[in-house]
Amino acid sequence: MTSDAADLTAADHLDAAREMAAANRPLLAHLLAEEAARRTTDQATAAGIRAAFPNPAPTREETD
C-alpha cells in the first residue's frame, strides 16, 4: 500500500468502498465509490459505480 493518497487508483478506492459496505459503513462506502468514479475515465463505468453505492442519506434531518 502506498503512503501517498494521490497514488491510489480507482480500483483501490472501489476495493475500499466494498470493504466499508461489508462493514456496514454505507456513507464511507459511498464517498470512496465517488472517488473511484471520479478517477474512472469511462462514463458508463463511473455511472455503474455510483449506482452500486448510492448516497445513504441524501437529506439530513436534525433531531433534538
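Numbers given for residues are sequential positions, taken from 1 along each chain in its written order. Whole-chain, interface and lining totals are the exception, using all residues; otherwise, since this is a predicted model, local features are given only for residues with pLDDT of at least 70 and side-chain atom pairs are given and counted only at 80 or more. Excluding hydrogens and water, the side-chain values take into account all heavy atoms of the structure.

1. Topic: helix H1 (residues 10–22)
- The helix count covers DSSP runs of H or I at least four residues long, the strand count covers runs of E at least two residues long, and both are numbered beginning at the N terminus. Expected span of a helix: the number of residues minus one, times 1.5 Å. Under the 1.5 Å per step criterion, the end-to-end length of H1 is 18 Å for 13 residues, consistent within 8% with the ideal 18 Å.
- Those residues of H1 that fall on the buried side of the exposure criterion are Ala10, His13, Leu14 and Ala17. For H1, the buried positions fall inside an angular range of 100 degrees around the axis, keeping them on one side. Seen from the buried face of H1, the exposed residues on the opposite side, beyond 90 degrees, are Glu19 and Ala22.
- Two residues form a contact once any of their heavy atoms are found within 4.5 Å. Residues of H1 that are buried in the fold lie against helix H2 (26–38) and helix H3 (43–52).
- Among the residues trailing H1, Asn24 stands out with phi positive, at a value near 60 degrees. Any residue under 20% of the maximum accessible area for its type is buried, any over 50% is exposed, and the rest in between are partly exposed; the area is computed with a 1.4 Å probe on protein chains only. Each C-beta atom gives one direction from the helix axis, and the arc is the one those directions make.

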